[in-house]
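Given next are the chains, with one letter for each unit.
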Amino acid sequence: MKAWFQKIGARMARFMYGRYGDDALNRVLLFAALLFLLIGYFPHMWIFTLLSVALLAWSMVRCYSRNIPKRQRELQAWLRFWGRIRGFFSLTRSKWRDRKTHRYFKCSKCRAVLRVPRGKGMIDITCPRCGAVTVKKS
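Computed from a predicted structure; not experimentally measured. (Residues numbered from 1 in each chain as written. Predicted model: local features only at pLDDT ≥ 70, side-chain atom pairs only at ≥ 80, totals over all residues. Heavy atoms only, no water.)

Draft legend 1. Structural view of helix α1 (residues 2-16). Taking 1.5 Å per residue as the helical rise, α1 with its 15 residues ought to reach 21 Å, and the 21 Å between its terminal C-alpha atoms agrees with that figure. Looking at the residues trailing α1, positive phi occurs at Gly18, about 85 degrees. (Helix = DSSP H or I, 4+ residues; strand = E, 2+ residues; numbered from the N terminus. Expected span 1.5 Å × (residues − 1).)

Draft legend 2. Structural view of the packing of helix α2 (residues 24-40) against helix α3 (residues 46-64). Closest axis-to-axis distance for the α2/α3 pair is 8 Å, and the angle between their directions is 160 degrees. Of the possible angle classes, the one that applies to α2 and α3 is roughly antiparallel. Of the two possible hands of crossing, α2 and α3 adopt the one that is left-handed. Between α2 and α3, the contacting residues are Leu25, Asn26, Leu29, Leu30, Ala32, Ala33, Phe36, Leu37, Ile39 and Gly40 on the first element and Phe48, Thr49, Leu51, Ser52, Leu55, Leu56, Trp58, Ser59, Arg62 and Cys63 on the second. For the contact of α2 with α3, a count of residues per class yields 14 nonpolar, five polar and one charged. (Axes fitted to C-alpha atoms, helices over the stretch in contact; angles between N-to-C directions. Parallel < 35°, antiparallel > 145°, perpendicular 65-115°, else oblique. Left-handed = near helix turned anticlockwise from the far one by under 90°. Contact = heavy atoms within 4.5 Å. Nonpolar A, V, L, I, M, F, W, Y, C, P; charged D, E, K, R; others polar.)

Draft legend 3. Seen up close, the nonpolar core. The biggest cluster of nonpolar side chains holds nine residues, and these are Phe105, Cys107, Ala112, Leu114, Val116, Ile123, Ile125, Cys127 and Ala132. The set of elements that each furnish at least two residues to this core consists of β2 (113-117) and β3 (122-126). If we skip the residues at most four places from it in the chain, Ile123 touches Val116, Thr134, Val135, Lys136 and Ser138. (Core = buried A, V, L, I, M, F, W, Y, C linked by side-chain atoms within 4.5 Å. Buried < 20%, exposed > 50% of the residue type's maximum accessible area, 1.4 Å probe, protein only.)

Pasting the structure below:
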C-alpha cells in the first residue's frame, strides 16, 4: 500500500513539473469561493454559488498554468493591494495604541507617516525619508 501511494505521489510530481502550483492568491481565492458557496446555500442567493464556481475555476487555472511569469505578476499585484490594506489597519492600530503618548503626522512632501512624542510643545519634525522639516505642536 505504501508503494502505491509513493507511485501516486511521483505521478503527481511529474504532472506538476513546470506548472505554477499554489500561492497566497490561490489560497485567498479558495477561501472566498468557500465563503460564497456557504452564502449561496441561503434562499435567493444563487448568484454567490455561481461566483464560487468562477473563483474555483480561476484558482485551478492559476494552479495548473504553465505561464509562470504571468501568475507571478498576478501574485505581486495582489500582494501590493493587500499590503496597502494591511498597512492601513496596522497604522490605525498603532495610532490607537499610542494615542496617549505619541502623535502622528504626515510629511507635507512625501506623505510619509511620522510619529512624535506628545507634550513637547512646538517641535521641528524632520522626515527621515525626504529630509523635509516642518514645525508642529506635539
